[in-house]
Amino acid sequence: MLTRTGGNNMNYKLQIEELLGQLTLEEKIDMIHGCGFFRTKGVERLGIPGVVTSDGPMGVRMQFPDDSWIPVGKTDDYVTYNPSNSALAATWNPELAYESGKVLGEEARGRGKDVILAPGINIKRDPLCGRNFEYMSEDPYLTETMALPLIRGIQENDVAACVKHFAVNNQETDRMAVDTYVDERALREIYLPAFKAAVQEGCSYSIMNAYNQFRGHFCSESKELLDDILREEWGYDGVVISDWGSTHSTKGVAESSMDMEMSVTTDFEDYYLARPLLEAVRKGEVDEACVDAKVRNILRMMFRLKMLGGQACERKQGVYDTSEHRQKAYEAAKEAIILLKNEEREGERRRVLPLSPADLAMQPVSDAAGKVISARKRRIVMIGHNAVYHHAGGGGSAEIKALYEISPLLGMKKALGGNVEIVHAQGYYIPGKKDVNEVNWQEASLERRVMGEKDPDSEEQKALRKEIEENRAKLLQEACALAKTADIVIFVGGLNHDYDTEGRDRADMKLPYGQDELIRALLDINPDTIVVMHAGSPVEMPWLDRAKALVWCYFSGMETGSALADVLLGKVNPSAKLPETFPVKYSDTVTCKNGEFGKEGRVEYKEGIFVGYRYYEKEGIKPAFSFGYGLSYTQFSLKDLKVLQAPDHSLKLTVQVKNTGDRAGAEVIQCYVSDPVCSVERPVKELNAYQKVFLQPGEEKQVTIPLTERGFVYYDVERKAFVTEPGEYVVSVGNASDNCLLQECIVL
Ligand code: BGC
């Protein structure tokens, strides 16, 4: 079992005070603000190096000069591209999160970084949030249990994790200023638990404050979030780093618990915590003790990272781009791909997936006398821009220069070799798609809107619409003509980082580029068309009833194409589960109903704790796919649920799980808890625990899962504490939130 602690929690009191006593005010101030986009100054005469940070969540970002957002552009910053957090969460496998963290930490150190600005652990409150692909889940427990091992993996390499964005940062619209109002219970039950666990149990050496405001105050100087909750209540002694450009005043920030100011502009000496602070301290407007407190935290982190003194000789050196890292990226990707639909083929008793060797074997061609004279290759037609597109270089600060990225088309071609013909058609038209490396978005990221709005009636826009229609029709026709010649049709579409991106939310949940029309046309031609969606967040799928096979891969890293091919070809049995609910349509979401998402100015989280499945279950709204859902090529049976209470009052469950099919596979046993009678309104049920179980065909195991307190406790606003009310609770166990057939009542 994985341990939860993420690092060295020593506090180095004496050494810190000794160094602090030798630092001048100017030197201390140099240590608490950026002197380059990603680094702070050190103090050479005392052997204190600067702190070097880097994004990001899917790999170590490309190298930038200190003062320009044009990447250095050399060839030494290609890296391993890990699955995004959404993909990782879909594995429901904390071991993989640990391995992924190890890769990230080792590569960060290998690239000479001290802090890696990851993981992003905000809750997916609304499907349209542009950064959902960087986040894990709508559920705090799943987020926490995947984030902790990830942090541990990073920090074992003497690199600090930087969990972000603290807190209640759940939309990109007006992200620099939006003021979020969330009630105390939702804050404690939904939005804070993963952060609390990350700092208390995961010992994340650093944390990044969010851009937004929280209850009327910027997060960078929120007394409530940073002083009262983070430092006082949670006892955090790590470093709080500002999101890049999230600070708004000298005195406010100096006196807050934020320690290190970073931004996107080059006027480093004018940052709030630079010269303006020096002057304020000299004038007696800010107490030098505020500076000391920040320097203490930074020095503590440096000691923990072995950056100071003789221990620097023992610091891990890291390494990047190893074959072991690429193997780990593959291992994670293969458990991140979710099989959402797999029905029987048209007129046959077998399912569409996996494709069997017989589906792909050469076909003998005979002459009139019946003599085999040659062989015909099977023809797979892959349609869609996402079959060939590389995603690593987009999305905002999560962009990286991947050493390589196996596209779905390459994945299939390299797996099948020369005896199968695989042809590709783009299928849908993407107007003005720029090479992601040409776009320099971060420079403009402090502006209220990254993208200007265009006048729809301008001649330019009319001409653009005409161009789109013409190109769309042409590509659709071409794709359909090819599909008619195919033995197997695979559509690979979805979103890309023009949609799943930092700085902008999606306008709706629809598939862009006319993909719905194209998918319908392909299903008309070949009802067994395999639909693969490559996207960071859910989309409406109005053709869903007609699609027999649907595979979902988020952004699954450099090995996406290999893993996808292995799933389609049955070399890998899919075992991923949705870490979020996929609603049928956007209007089903609570945030759409109450109009409290994506607004500028003030956003009220009126839904309270009813986020994701907690809302759909309360209202009885049937989603397209429920939280925790995902199919396998084999079947599992679950029986004999028992909930046992130990003398120390801890609870655990046991359940018999059997692989009743003919393939090895893995099932995620999910345990939810309900409190049917309570003095406050409770969700129908809440995820309490889970475990991924690997079984050979026919194999049966008794699984023991310790229960946690989720679902048993709620946050009592009056008492300011989590409480358990005595009474009856229901423990439900199954393989998806809407498929928990085993239930057991217990009385506490
Ligand atoms: C993002 C952060 C990122 C930082 C540095 C900001 O725009 O919100 O997540 O780490 O930039 O690139």
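About the criteria used
Residues numbered from 1 in each chain as written. Predicted model: local features only at pLDDT ≥ 70, side-chain atom pairs only at ≥ 80, totals over all residues. Heavy atoms only, no water. Near = heavy atom within 4 Å. Polar contact = N/O pair within 3.5 Å; in protein donor to acceptor, adjacent residues only side chain to side chain. Areas by Shrake-Rupley, 256 points an atom, 1.4 Å probe, with all protein chains shown as cover. 1 Å grid on protein atoms, 1.4 Å probe; cavity = no way out; pocket = protein on both sides within 12 Å on 5 of 7 lines; lining within 4 Å. Sits in = over half its atoms within 2 Å of the grid points. Pairing = 2+ DSSP bridges. Helix = DSSP H or I, 4+ residues; strand = E, 2+ residues; numbered from the N terminus. Buried < 20%, exposed > 50% of the residue type's maximum accessible area, 1.4 Å probe, protein only. Contact = heavy atoms within 4.5 Å. Expected span 1.5 Å × (residues − 1). Phe/Tyr/Trp six-rings, centres within 6.5 Å; stacked < 30°, edge-to-face > 60°. Lys NZ or Arg CZ within 6 Å of the ring centre and 35° of its normal. Salt bridge = Lys/Arg side-chain N within 4 Å of Asp/Glu carboxyl O. Domains from an automatic or database assignment. Buried area = accessible area lost by both parts, 1.4 Å probe. Nonpolar A, V, L, I, M, F, W, Y, C, P; charged D, E, K, R; others polar.

**Considerations on the site of the ligand**
Around the ligand there are 15 residues in total, and Asp55, Arg131, His165, Asp243 and Glu502 lie nearest to it. Within the contact set of the ligand, an oxygen atom lies 2.7 Å away from a side-chain nitrogen or oxygen of Arg131. In this structure, an oxygen atom belonging to the ligand sits 3.5 Å away from a side-chain N or O atom of Arg175. In isolation the ligand has 310 Å² of accessible area, and contact with the protein removes 100% of it. Applying the majority rule of atoms within 2 Å of the grid points places the ligand in the second largest cavity.

**Focus: the sheet that holds strand β6 (residues 179-181)**
Strand order in the open sheet formed by four strands is β9-β8-β6-β19, with mixed pairing between adjacent strands. Only two strands of the sheet have a single neighbouring strand rather than two, namely β9 (217-218) and β19 (602-604). Here β6 runs beside β19; their pairing, made up of three bridges, is parallel. The residue of β19 that forms the bridge with Asp179 is Arg602.

**With respect to the environment of Lys294**
Turning to its location among the elements, Lys294 is positioned in helix α11 (residues 288-304). We classify Lys294 as buried; its relative accessible area is 2%. The sequence separation of Lys294 and Leu741 amounts to 447 residues, and the corresponding C-alpha distance is 52 Å. Among all residues touching Lys294, those that are not within four sequence positions of it are Ile32, Val253, Ala254, Ser256, Met258, Asp259 and Leu273. Side-chain polar atoms of Lys294 contact the backbone oxygen of Ser256, separated by 2.8 Å.

**Comments concerning helix α5 (residues 140-155)**
Between its first and last C-alpha, α5 extends 22 Å over 16 residues, near the 22 Å set by a 1.5 Å rise per residue. Across the 16 residues of α5, 16 count as buried, placing the element largely inside the fold. Capping of α5 at its N-terminal end is provided by Asp139; its side-chain oxygen lies 2.9 Å from the backbone amide nitrogen of Tyr141.

**Notes on the packing of aromatic side chains**
To describe a pair of aromatic rings, one takes the distance between the centres and the angle between the planes. Under the definition given, this model contains 26 aromatic pairs. Here the guanidinium or amino end of Arg152 rests over the ring plane of Tyr98, the centre of that ring lying 4.2 Å away. The ring of Tyr78 carries the charged tip of Lys401 above its face, separated from the ring centre by 4.7 Å.

**Some words on the pattern of salt bridges**
For the coordinates displayed, the defined rule picks out 60 salt bridges. Arg131 is paired through a salt bridge with Glu502; the nearest N and O atoms lie 3.2 Å apart. With Arg131 in the loop between β4 (115-116) and α5 and Glu502 in the loop between β16 (488-494) and α16 (515-525), the pair connects residues that are 371 residues apart, well separated along the chain. The exposure class of Glu502 is buried, given its relative accessible area of 8%. With a closest N to O distance of 2.8 Å, Glu255 and Lys251 form a salt bridge. A residue is classified by how much of its surface remains accessible, and Glu255, at 40% relative accessible area, is partly exposed. What emerges from the salt-bridge pattern is a single network uniting Arg131, Glu134, Glu172, Arg175 and Glu502.

**Overview of the domain arrangement of the protein chain**
Structurally, the protein chain comprises domain 1 (24-323), domain 2 (331-432 + 457-578) and domain 3 (634-747). Here domain 2 and domain 3 have C-alpha centroids that lie 36 Å from each other. Taken residue by residue, the interface counts six residues in domain 2 and 11 residues in domain 3. Taken over both partners, the interface formed by domain 2 and domain 3 buries close to 640 Å², and the fraction arising from carbon and sulfur atoms is 38%. Where domain 2 meets domain 3, there are two salt bridges. The shortest N-O distance in the salt bridge between Lys577 and Glu667 comes to 2.8 Å. Counted by class, the side of domain 2 that touches domain 3 contains one nonpolar, three polar and two charged residues.

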